[in-house]
Amino acid sequence: MMTENISGEAHRPGRIEVVCGSMFSGKTEELIRRLRRAQFARQRVEIFKPAIDTRYSDEEVVSHDHNAIPSTPIDSSASILLLSSDIDVVGIDEAQFFDDGLVEVCSQLAYRGVRVIVAGLDMDYRGVPFGPMPALCAIADEVVKVHAICVRCGNLAYVSHRTVDNDHRVLLGETQEYEPLCRDCYQRAIQAEKARKTEG
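Residues numbered from 1 in each chain as written. Predicted model: local features only at pLDDT ≥ 70, side-chain atom pairs only at ≥ 80, totals over all residues. Heavy atoms only, no water.

So what exactly am I meant to see when it comes to the nonpolar core here?
One broad trend across soluble globular proteins is that nonpolar side chains are buried collectively. Ranked by internal contacts, the top residues of the largest apolar core, which has 23 residues, are Ile80, Ile92, Val118 and Leu136. Contributing elements (two or more residues each) for this core: strand S3 (15–21), strand S8 (89–92), helix H3 (102–111), strand S9 (115–121) and helix H4 (133–139). The greatest single-element share of this core, amounting to 6 residues, is contributed by H3. Ignoring any residue separated from it by four or fewer positions in sequence, one finds Ile80 in contact with Phe48, Ile74, Val90, Ile92, Leu102, Val105 and Leu109. Val45, Ile47, Ile69 and Val146 belong to the second largest nonpolar core, which has 12 residues in total. (Core = buried A, V, L, I, M, F, W, Y, C linked by side-chain atoms within 4.5 Å. Buried < 20%, exposed > 50% of the residue type's maximum accessible area, 1.4 Å probe, protein only. Helix = DSSP H or I, 4+ residues; strand = E, 2+ residues; numbered from the N terminus. Contact = heavy atoms within 4.5 Å.)

Next up, the structure:
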C-alpha cells in the first residue's frame, strides 16, 4: 500500500512482521511464502541470513521442505542497513543467531518505509528466549507464532528439544539433533535426562 505525503511524494508505510516458533514449525516456509508474494508484486526484495547457517546451502534460505530462495549471508546485523538501500521488502531468516543490534536495524528500516519480515526461533533448546527475538516480538507490528507437532504425543509443540549431549547454545542441526516437543513431553524428557545423569 502506497500513500502520498503533503509534498505529493509516494510514501510506503514500513512495518515489522515476526514469524517465530520451534524448529520444524514452518517459520522459514512462511518467510519464503511472504517474500515470494512480494516478488510477484514486483517489489524489490532482499533476503539475509546468518553466515554460520550453512545446513542446506551457503547462499540460499532453505526450508525443511527444501523450498529455497536466494539470500545474502552476513556476519553482522549492521550489514543489513548497508546492503538494503532502495529495497521495498527485507527478509531475515534465523534471526536468533544475529546480534542484539538487529532490533535497531529493523526499526530503522521500518521507519524508512521498508517492510521487514523476520523469522526465527523464539526459544533455545532449554526453553530460554533466544537472542534478539523477544525484543523483535515486542516492537513488531505483527507477530505470528507457528507450531510444530510434538513427535511424542501429537499435541502442538512448545520447544525444540535437543537429543544429543551438547551444552553449546548454538548447535546447528536437524532431526538427528532436535525434536519438537509439547510442554508436558519436554518436562518428562528433561526429568528422564536428569535421572540418567544421576544414575551415571
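Would you explain the confidence of the model for the protein chain in this entry?
Parts of the model with low pLDDT should not have their predicted coordinates read in detail. Per-residue pLDDT for the protein chain has a mean of 86; in total, 82% of the residues score no lower than 70. Mean pLDDT per element in the protein chain: strand S1 (residues 3–4) is the minimum at 49, and H3 is the maximum at 98. Confidence over residues 4–9 falls short of pLDDT 50; this stretch has 2 contacts with residues more than four positions distant or in other chains. (pLDDT = per-residue confidence, 0-100.)

Hey, could you run me through the pattern of salt bridges in this one?
Between side chains of opposite charge, pairing is possible as soon as their charged atoms come close. Summed over the entire model, instances satisfying the criterion amount to 11 salt bridges. Taking the shortest distance from any N to any O, the salt bridge between Glu17 and Arg15 comes out at 2.9 Å. Accessibility expressed as a relative area gives 2% for Glu17, which makes it buried. The class for Arg15 is partly exposed, based on a relative accessible area of 28%. Residue Arg33 is joined to Glu30 by a salt bridge in which the shortest nitrogen-to-oxygen separation is 2.8 Å. Taken together, the positions of Arg33 and Glu30, both in helix H1 (residues 27–40) and 3 residues apart, correspond to about one turn of that helix. What makes Glu30 buried here is its relative accessible area of 16%. Through salt bridges with shared partners, one network takes in Arg15, Glu17, Glu30, Arg33, Arg34, Arg115 and Glu142. (Salt bridge = Lys/Arg side-chain N within 4 Å of Asp/Glu carboxyl O.)

What is the right way to look at the sheet that holds strand S10 (residues 142–146) in this model?
Pairing between sheet strands relies on hydrogen bonds along the backbone, with the strands arranged either parallel or antiparallel. Within the open sheet, the 6 strands sit side by side as S7-S4-S8-S9-S3-S10. Their pairing is parallel. Each edge of the open sheet carries a strand with a single partner, namely strand S7 (72–74) and S10. Adjacent strand axes in the sheet meet at a mean angle of 20°, parallel and antiparallel pairs treated alike. Bridge count for S8 against S9 is 4 bridges, and the pairing is parallel. Counterpart to Ile92 in the pairing with S9 is Val118. (Pairing = 2+ DSSP bridges. Axes fitted to C-alpha atoms, helices over the stretch in contact; angles between N-to-C directions.)

Honestly, H1 in this entry has me stumped. Any pointers?
Three or four residues apart is the spacing at which side chains of an α-helix point the same way, because the helix has 3.6 residues per turn. With 14 residues, H1 should reach 20 Å at 1.5 Å per residue; the first-to-last C-alpha distance of 20 Å fits that figure. The complete set of buried residues in H1 reads Lys27, Thr28, Glu30, Leu31, Ile32, Arg34, Leu35 and Ala38. A positive phi of about 60° marks Arg42, the residue just after H1. (Expected span 1.5 Å × (residues − 1).)

Sorry if this is basic, but what is going on with the packing of aromatic side chains here?
Two descriptors summarise a pair of aromatic rings, namely the distance from one centre to the other and the angle between the planes of the rings. With the rule as written, the count across this model stands at 1 aromatic pair. Plain terms: the ring middles of Phe97 and Phe130 are 6.0 Å apart, the flat faces sit at 85° to each other, and that makes the pair edge-to-face. A residue pair is termed long-range when its members are at least 10 positions apart, and Phe97 in the loop between S8 and H3 and Phe130 in the loop between S9 and H4 qualify at 33 residues. The class for Phe130 is buried, based on a relative accessible area of 5%. Between Arg162 and the ring centre of Tyr125, over which it is positioned, the NZ or CZ distance is 3.7 Å. Over the ring of Tyr158 we find Arg183; its NZ or CZ atom is 4.0 Å from the centre of that ring. (Phe/Tyr/Trp six-rings, centres within 6.5 Å; stacked < 30°, edge-to-face > 60°. Lys NZ or Arg CZ within 6 Å of the ring centre and 35° of its normal.)

Teacher, can you tell me more about the state of the cysteines here?
What makes a disulfide is a covalent bond joining the sulfur atoms belonging to two cysteines. Applying the stated criterion across every chain yields a total of 0 disulfides. With no disulfide partner, Cys20 has as its closest neighbouring cysteine sulfur the one in Cys137, 4.2 Å distant. (Disulfide = S-S within 2.5 Å.)

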